[in-house]
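Each chain, letter by letter, is given below.
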Amino acid sequence: MRHASVWTTAKDRPGFPGLRQDMEVDVAVVGGGLTGLTTALLARRTGVGTVAVLEAGRLGQGTTGHTTGKVTSQHGLVYAQLTSRYGQDQARMYADANQAGVELVAALTGEYGIDCGLTRAPALAYTRDPGQRRALEEEVAAAVRLGLPASLVESAGLPFEIEAAVRFDDQSHFHPGRYVAGLARALSASGASVFEHTRALEVEEHQDGTVQVRTADATVRAKSVVVATLLPIGMIGGYFARTRPSRSFGLAARLRGPAPREMTISADPPTRSTRPWPDGGPNGLIVVGGGHETGTERDTQAMWEDLEQWTRSTFEVDSVEYRWSGQDYTTADQVPYIGRSPASDRVLVATGFGKWGLSNGTAAAVMLGDLLAGRDHPWLPVFDATRLGDAKAVDRLVKDNLKVGADLVGGHLDRLRSHHGRHLARGQGGVIDVDGDSVGAYRDAEGGLHAVGLTCTHMGCRLAWNAAETSWDCGCHGSRYDPDGNILNGPAVRPLPTVDLDDD
Ligand SMILES: Cc1cc2nc3c(=O)[nH]c(=O)nc-3n(C[C@H](O)[C@H](O)[C@H](O)COP(=O)(O)OP(=O)(O)OC[C@H]3O[C@@H](n4cnc5c(N)ncnc54)[C@H](O)[C@@H]3O)c2cc1C
Ligand code: FES
């Protein structure tokens, strides 16, 4: 089994250089995932002028490269809830945006000849609990009123009985790595500049009316900047305090017989999401589920084991080939923030996709593309990036931030109470005491010792060791670092300081 995302099998993805010289463009896009690349491509197509994309690592390496890859407007049971919370008009904006996102992915795939295995399939959200049937009926009624292709059915194509399922017809799944590679090729051919290995350190509006993106080696001066880094970096818009980070787990398996062709997700906890895995042949299946808030679960091993056990007890499994995990951010009212940030009309954002960013991120690109071209967009009001939300959402924000405050002062004190790393076994990590200071240490499989400072470089929260994913995770806003202190997830933009430890 490979401990890697199944989407890393995109072999022919193009590579791009790092940015070494200052440059001026009309639009700079920070973040080369599905959202950033689609936004950049649409911006080029609407004729906003010159466009540059800056990606910290490789294109598509973020959550887009760790997704399930379902492109659907079915987001669990969201429509009844949205309609009762925000009314029919705003719920319709969300529905229209996401259904259009599904269709735009298909259109771009066809237009640019992207070989990403895009396949139409129904999406089903099912319950096995008779007590939930009414909720599913209400979801179908709400979705149909909003013009979505929904119906209530009593089979989900899974090898067990269900009570009922909400079925959305004509949705799709694809290989996100190959899709991103195709977008990047189209973008480059359109004349945009694409840079990899280029981390934005700061985005700052200047009095001359430009926005400057500072990187380690150069500065990009732009008329507008789109921050598409999953969660806006640093302090931009205060989105770190308005969203919660969580991680979920996935595996790709080969079954002994044909895998279900449908895309399914359980409406009952725990979440179990399935879709076909075409690269694994007709028996290939992807299963995603489980999860926890980032920085709160020390041993994620149990989550994979749980997911694998469910898969093996549900299907006849021949082999499990890949397993991986990914991170996304959820807003207090489940609706992403898309549009102008509160700080500046020239800084645009798209964040808080709540694990449905393939359709939402594509829709975000449409809205941001219009804003960049100086136009408004009819879907924007429901996604308003400056909103605080209703009373329920504000209450949730207050509670989340009280928890963050506790992490800032308290931290996770799982100390090994050792003055050096000598007692760490191979593969073990933890917090050790060095002259009264806490240091994070990890001994790798070859016996090498890696030690870093334990204060998150974003806003100073204490980091916790994540043993199964061998990373230092921040429970405040989701930044993650590898054992050498390199950033795995923002909003942090600076690595952790490394510490020299006596290993004799
Ligand atoms: C396990 C899992 C399963 C999911 N399944 C689905 C699904 O089936 N369907 C669906 O619709 N959604 C799904 N989602 C959610 C969806 O995958 C994400 O919402 C979506 O991929 C987000 O895309 P993005 O481009 O906004 O972010 P990302 O793909 O994370 O891209 C952001 C990019 O910004 C870069 N970056 C970060 N900081 C900087 C910086 N300082 N400078 C430059 N670049 C930077 C990162 O390296 C990254 O490449 C899932 C999420 C998870 C975790
Ligand atoms: S991510 Fe904000 S303090 Fe760590």
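Just so it is clear, the model here is predicted, and its values are computed rather than measured. (Residues numbered from 1 in each chain as written. Chains lettered and ligands numbered in written order. Predicted model: local features only at pLDDT ≥ 70, side-chain atom pairs only at ≥ 80, totals over all residues. Heavy atoms only, no water.)

The assigned domain composition of the chain is domain 1 (17–67 + 177–242 + 334–397) and domain 2 (410–504). The interface of domain 1 with domain 2 comprises eleven residues on the first partner and nine residues on the second. Roughly 810 Å² of surface becomes buried between domain 1 and domain 2 when both sides are summed, with 61% attributable to carbon and sulfur atoms. Among the residues domain 1 hides against domain 2, the three largest losses belong to Arg199, Leu201 and Phe240. Together they make up 50% of the total. Taken together, the connections running from domain 1 to domain 2 amount to zero salt bridges. Summed over the shared surface of domain 1 and domain 2, the result is two residue pairs in polar contact (both at pLDDT 80 or more). (Domains from an automatic or database assignment. Contact = heavy atoms within 4.5 Å. Buried area = accessible area lost by both parts, 1.4 Å probe. Salt bridge = Lys/Arg side-chain N within 4 Å of Asp/Glu carboxyl O. Polar contact = N/O pair within 3.5 Å; in protein donor to acceptor, adjacent residues only side chain to side chain.)

The strand order S18-S19-S20 describes an open sheet built from three strands, whose pairing is antiparallel. Edge strands, defined here as strands with exactly one partner in the open sheet, are strand S18 (429–434) and strand S20 (449–453). With strand direction ignored, the average angle separating the axes of adjacent strands in the sheet is 35 degrees. (Pairing = 2+ DSSP bridges. Helix = DSSP H or I, 4+ residues; strand = E, 2+ residues; numbered from the N terminus. Axes fitted to C-alpha atoms, helices over the stretch in contact; angles between N-to-C directions.)

Residues Tyr79, Tyr179 and Phe383 are the most contacted members of the largest nonpolar core, which totals 69 residues. Here the element with the most residues in this core is helix H2 (residues 79–111); it accounts for eleven residues. Discounting chain neighbours no more than four positions away, the residues touching Phe383 are Met93, Tyr94, Ala97, Asn98, Val335, Pro336, Tyr337, Ile338, Asn360 and Met367. By size, the runner-up hydrophobic cluster in this structure holds 28 residues, among which are Leu19, Phe195, Val211 and Ile233. (Core = buried A, V, L, I, M, F, W, Y, C linked by side-chain atoms within 4.5 Å. Buried < 20%, exposed > 50% of the residue type's maximum accessible area, 1.4 Å probe, protein only.)

As a further point, take the packing of aromatic side chains. Here the structure, examined in full by the defined rule, presents eleven aromatic pairs. These aromatic residues form a ring-pair network of at least three members: Tyr79, Tyr94, Phe168 and Phe383. Over the ring of Phe160 we find Arg128; its NZ or CZ atom is 3.9 Å from the centre of that ring. Above the face of the Tyr337 ring, Arg242 is positioned so that its terminal group lies 4.8 Å from the ring centre. (Phe/Tyr/Trp six-rings, centres within 6.5 Å; stacked < 30°, edge-to-face > 60°. Lys NZ or Arg CZ within 6 Å of the ring centre and 35° of its normal.)

Moving on: H2. With 33 residues, H2 extends only 31 Å from end C-alpha to end C-alpha; this falls clearly short of the ideal 48 Å at 1.5 Å per step. The largest bend in H2 amounts to roughly 125 degrees and is located at Gly87. Within two residues after H2, Gly113 carries a phi angle of roughly 60 degrees, on the positive side. (Expected span 1.5 Å × (residues − 1). Bend = angle between axes of the 7 residues up to and from the residue.)

Before going further, it helps to examine the site of ligand 1. Taken together, 37 residues are adjacent to ligand 1, and Thr35, Glu55, Thr64, Lys70 and Asp328 come closest. In the environment of ligand 1, an oxygen atom lies 3.1 Å from a nitrogen or oxygen atom belonging to the side chain of Gln61. Measuring from a nitrogen atom of ligand 1, one finds a backbone N or O atom of Lys70 at 2.7 Å. For ligand 1, whose free accessible area comes to 1,000 Å², the fraction covered by protein is 96%. (Near = heavy atom within 4 Å. Areas by Shrake-Rupley, 256 points an atom, 1.4 Å probe, with all protein chains shown as cover.)

In terms of residue burial, strand S15 (residues 317–331) counts as a mostly covered element, since 13 of its 15 residues are buried. The pairing of strand S11 (residues 243–255) with S15 spans 13 bridges and is classified as antiparallel. Each bridged residue has a counterpart across the sheet, and for Phe249 the counterpart in S15 is Ser325.

As a further point, take the packing of helix H1 (residues 34–45) against helix H6 (residues 357–372). Running from N to C, H1 and H6 cross one another at 35 degrees; their axes reach a closest spacing of 8 Å. Crossing of H1 against H6: the hand is right-handed. Contact with H1, carried on its side by Leu34, Thr35, Thr38, Thr39, Leu42 and Ala43, involves Gly357, Leu358, Gly361, Thr362, Ala364, Ala365, Val366, Leu368 and Leu372 of H6 and no other residues of that element. Grouping the amino acids of the contact of H1 with H6 by side-chain chemistry returns nine nonpolar, six polar and no charged. (Left-handed = near helix turned anticlockwise from the far one by under 90°. Nonpolar A, V, L, I, M, F, W, Y, C, P; charged D, E, K, R; others polar.)

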